[in-house]
Amino acid sequence: MTVTTAKWTINEYYRMIAAGILDDRRMELLKGEIVEIFAEGEPHAYFSSEVGSGGFSALVSG
């Protein structure tokens, strides 16, 4: 069985948004594929803020 995925254009993606098809979900168009975006959890939010404040350099350098 062969599976072929559809590649979406930005215009098609915006039309889906305008039609309300994606209202219930957080979606993003990446390289022609529509993927679901999950909310940041506490660990991700923490590390994102640490990286932004220079914490990543401190972690890498020891």
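See above for the structure.
None of these values were measured; they are calculated from a predicted model. (Residues numbered from 1 in each chain as written. Predicted model: local features only at pLDDT ≥ 70, side-chain atom pairs only at ≥ 80, totals over all residues. Heavy atoms only, no water.)

K.L.:
Is there a simple way to explain the overall build of the protein chain in this structure?
P.N.:
A tally of regular secondary structure across the protein chain gives three helices and two strands. Relative to its full complement of 62 residues, the protein chain shows a buried share of 11%. The contacts of the protein chain with a sequence gap of at least 6 include a subset with a gap of at least 24, amounting to 19%. (Helix = DSSP H or I, 4+ residues; strand = E, 2+ residues; numbered from the N terminus. Buried < 20%, exposed > 50% of the residue type's maximum accessible area, 1.4 Å probe, protein only. Contact = heavy atoms within 4.5 Å.)

K.L.:
Whenever I open this one, the packing of aromatic side chains confuses me. Can you help?
P.N.:
Remark: the centre distance and the inter-plane angle together describe each pair of aromatic rings, the angle taken between the planes. One pass over the structure, following the stated rule, counts one aromatic pair. When the centroid spacing of 5.9 Å and the interplanar angle of 45° are considered together, the rings of Y13 and Y14 count as tilted. Y13 gets classed as buried once you look at its relative accessible area, which sits at 10%. (Phe/Tyr/Trp six-rings, centres within 6.5 Å; stacked < 30°, edge-to-face > 60°.)

K.L.:
Sorry, what's going on with the pairing of strand 1 (residues 27-30) here?
P.N.:
In regular strands, side chains alternate between the two faces of the sheet. Burial of strand 1 is one-sided: the residues M27 and L29 facing one way are buried, the residues E28 and L30 facing the other way are not. Relative to strand 2 (residues 33-36), strand 1 runs antiparallel, the two sharing four bridges. Within strand 2, the residue paired with E28 across the bridge is V35. What sits between strand 1 and strand 2 in their antiparallel hairpin is a turn of two residues, with K31 showing a positive phi close to 50°. (Pairing = 2+ DSSP bridges.)

K.L.:
It is not clear to me how the environment of K31 should be interpreted in this structure. Could you clarify?
P.N.:
Counting through the fold element by element, K31 comes out in the loop between strand 1 and strand 2. For the pair K31 and K7, spaced 24 residues apart in the sequence, the C-alpha separation amounts to 7.9 Å.

K.L.:
Looking at this model, I keep getting lost on the pattern of salt bridges. Mind explaining?
P.N.:
Pairs can form between side chains of opposite charge once their charged atoms are near each other. One pass over the structure, following the stated rule, counts two salt bridges. Note that E33 and K7 form a salt bridge whose closest N and O atoms lie 3.0 Å from each other. Highlighted residues: E33 in strand 2 and K7 in the segment before helix 1 (10-19), separated in sequence by 26 residues. For E33, a relative accessible area of 35% corresponds to the partly exposed category. Of the charged contacts, one joins E36 and R25 as a salt bridge, the two residues approaching to 3.1 Å between their closest N and O atoms. One end of the pair, E36, is in strand 2; the other, R25, is in the loop between helix 1 and strand 1, and eleven residues separate them in sequence. The exposure class of E36 is partly exposed, given its relative accessible area of 35%. (Salt bridge = Lys/Arg side-chain N within 4 Å of Asp/Glu carboxyl O.)

Fair warning: the whole summary comes from geometry, so function is off the table for now.
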